[in-house]
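# Summary of structural features
Chain by chain, the residues:
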Amino acid sequence: MRSVTEKSVNCTGCENKQARYTHGGDWCGDGSIRLDFSVNINPFGLPESGRKAYIDSISRLTRYPDWDCRALRQALGNKLQLLPEHIFCGNGAAELIDRIVRALHPRRAVLAVPAFSEYERALRVEGCEITYFPLCADKDFVLSQDFLEFLTVETDMVFLCNPNNPTGRLIDRDLLFRIQERCEEQQIWLVVDECFLEFTGKEKEQSLIGRLASKTIVLRAFTKIYAMPGLRLGYLVCGNGDAMQRIFQAGQCWNVSVPAQSVGIAVLSEEAYVRESVACVQREWEFLMEGLRTEGFGVVPSETNFILFFSRETGGGICGRFAAKGIRIRDCSDFKGLGEGYYRIAVRTHEENEEFLAVLHKLWEV
């Protein structure tokens, strides 16, 4: 497997194209969009307990937030069966990615691509040299054993997303464990983003939270499973006390607001909500994948709450045709390792998914 290595530059030297917002969910300024399939959050919306906690927190906005998120970390520790000192909370997973890179100062990193762009952005800001491990389309973007060859003493940090965004593929469990072991042997920081793992129904067997090691950091977010991207709340798990202290010192204090902490504590008890959400998503992704295949699209067999598909029509035309019908989808041409013709949609409610497929069918009839 051939790799590509790039010397990163400071973002002040990036082209405007690189500096633009390229994620899904950019709803501002476009009131014509009725259905947003570009952002991958729980279609059930924020649980009622979270709404009530948010309203109740308004009376406490005159106070500073708990700088250490003590009650929230305790609640997370109870849920995850971890000591609170192994948990650090942040202003969404994106802030935590920044903190990790600033705190640990990697000089050489490995990314399996395509992948979430915030890993690369954070590494570039730090001036890190990046080696890219390309995931192959003809193998449905599954991470292969060849990845182990990239884990050498010259590597300082590895980012992996499990399941991967935007492909929706899980890493083979045995391979993931071997990667973790190799990183321990070679003293490489392994950062595993598990922000979509709850949707797979395989959290217990796949998560590294139960396998804490000195060089492993696991990322999670409330954003996706609890449908609260506007509040910005995520957390990381790490068993290395020195690293945790450095991560804490790498950013501002009071990084998690009073409402975010309150809502986070409230929704952690929503076990039935999570079970029902996962069951719904699993039914609906099969429905959407079959519908896309029926219309002749190439579909990557996702294992989470979004689907990557391919069309021979390039140039972003599909996005424009959907937007004209009030539907937004994610053009994935900006993902390194994909290019034009790749698109991603979120799994939404059955009624919304039916409408999406009906519009898709009509667009391809003409």
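Residues numbered from 1 in each chain as written. Predicted model: local features only at pLDDT ≥ 70, side-chain atom pairs only at ≥ 80, totals over all residues. Heavy atoms only, no water.

## Structural notes on the pattern of salt bridges
Enumeration over the complete set of coordinates arrives at 19 salt bridges. Across the salt bridge formed by R34 and E355, the nearest N and O atoms sit 2.9 Å from each other. Here R34, found in the loop between helix 1 (16-19) and strand 2 (35-36), pairs with E355, found in helix 13 (residues 350-365); they are 321 residues apart in sequence, far enough to count as distant. R34 sits in the partly exposed class, given a relative accessible area of 48%. Ionic contacts of the salt-bridge type, sharing partners, join the residues E194, E198, E203 and R220 into one network. (Salt bridge = Lys/Arg side-chain N within 4 Å of Asp/Glu carboxyl O. Helix = DSSP H or I, 4+ residues; strand = E, 2+ residues; numbered from the N terminus. Buried < 20%, exposed > 50% of the residue type's maximum accessible area, 1.4 Å probe, protein only.)

## What about the pairing of strand 14 (residues 342-346)?
A large share of strand 14 lies buried, amounting to 5 of its 5 residues. Side chains Y342, R344 and A346 project from strand 14 onto one buried face, and the interleaved Y343 and I345 project onto a second face that is buried too. Direction of pairing for strand 11 (residues 306-310) relative to strand 14: antiparallel, over a ladder of 5 bridges. Each residue of the ladder has a partner; that of F309, found in strand 14, is Y343. (Pairing = 2+ DSSP bridges.)

## A few points about the confidence of the model for the protein
In low-pLDDT segments, the atomic positions of the prediction should not be examined closely. Scored by pLDDT, the protein comes out at a mean of 91, with 90% of its residues at no less than 70. Every residue in residues 6-19 is under pLDDT 50, and counting partners more than four places away or in other chains gives 19 contacts. (pLDDT = per-residue confidence, 0-100. Contact = heavy atoms within 4.5 Å.)

## Concerning the sheet that holds strand 14
Read across the open sheet, the 4 strands follow the order 10-11-14-13; overall the sheet is antiparallel. Looking at the sheet topology across the chains shown, the edges are occupied by strand 10 (298-299) and strand 13 (330-331). Pairing between strand 13 and strand 14: 2 bridges, direction antiparallel. Its bridge partner lying in strand 14, R330 is registered against R344. The sheet strands contacting helix 11 (residues 271-294) are strand 10, strand 11 and strand 14, and the helix crosses strand 11 at an angle near 10°. (Axes fitted to C-alpha atoms, helices over the stretch in contact; angles between N-to-C directions.)

## Examining the packing of aromatic side chains
Applying the stated criterion across every chain, the model contains 17 aromatic pairs. When the ring of Y119 is compared with that of F159, the centres are 4.9 Å apart and the planes differ by 15°; the resulting orientation is stacked. In this pair, Y119 is assigned in helix 5 (residues 117-125) and F159 in strand 6 (residues 157-161), connecting sequence segments 40 residues apart. Across the pair, exposure class does not vary: Y119 and F159 are buried alike. Seen in terms of ring centroids, F141 and Y342 are 6.0 Å apart; in terms of plane orientation they differ by 75°. Their pairing is edge-to-face. Highlighted residues: F141 in the loop between strand 5 (129-134) and strand 6 and Y342 in strand 14, separated in sequence by 201 residues. A single burial state applies to F141 and to Y342, both of which are buried. Members of the aromatic cluster, connected to one another through ring pairs, are F222, Y226, Y235 and Y273. Over the aromatic face of F177 sits the side chain of R211, whose NZ or CZ is 3.8 Å from the ring centroid. (Phe/Tyr/Trp six-rings, centres within 6.5 Å; stacked < 30°, edge-to-face > 60°. Lys NZ or Arg CZ within 6 Å of the ring centre and 35° of its normal.)

## Thoughts on helix 10 (residues 258-267)
Within helix 10, 9 of the 10 residues are buried, which leaves the element mostly enclosed by the surrounding structure. Turning to helix 10, its buried residues number three or more, namely V258, P259, A260, Q261, S262, V263, G264, A266 and V267. Its buried side turned inward, helix 10 meets helix 2 (48-57), helix 3 (70-80) and helix 8 (222-225). Between a side-chain oxygen at the N-terminus of helix 10 and the backbone nitrogen of A260 the separation is 3.2 Å; the capping residue is S257. (Polar contact = N/O pair within 3.5 Å; in protein donor to acceptor, adjacent residues only side chain to side chain.)

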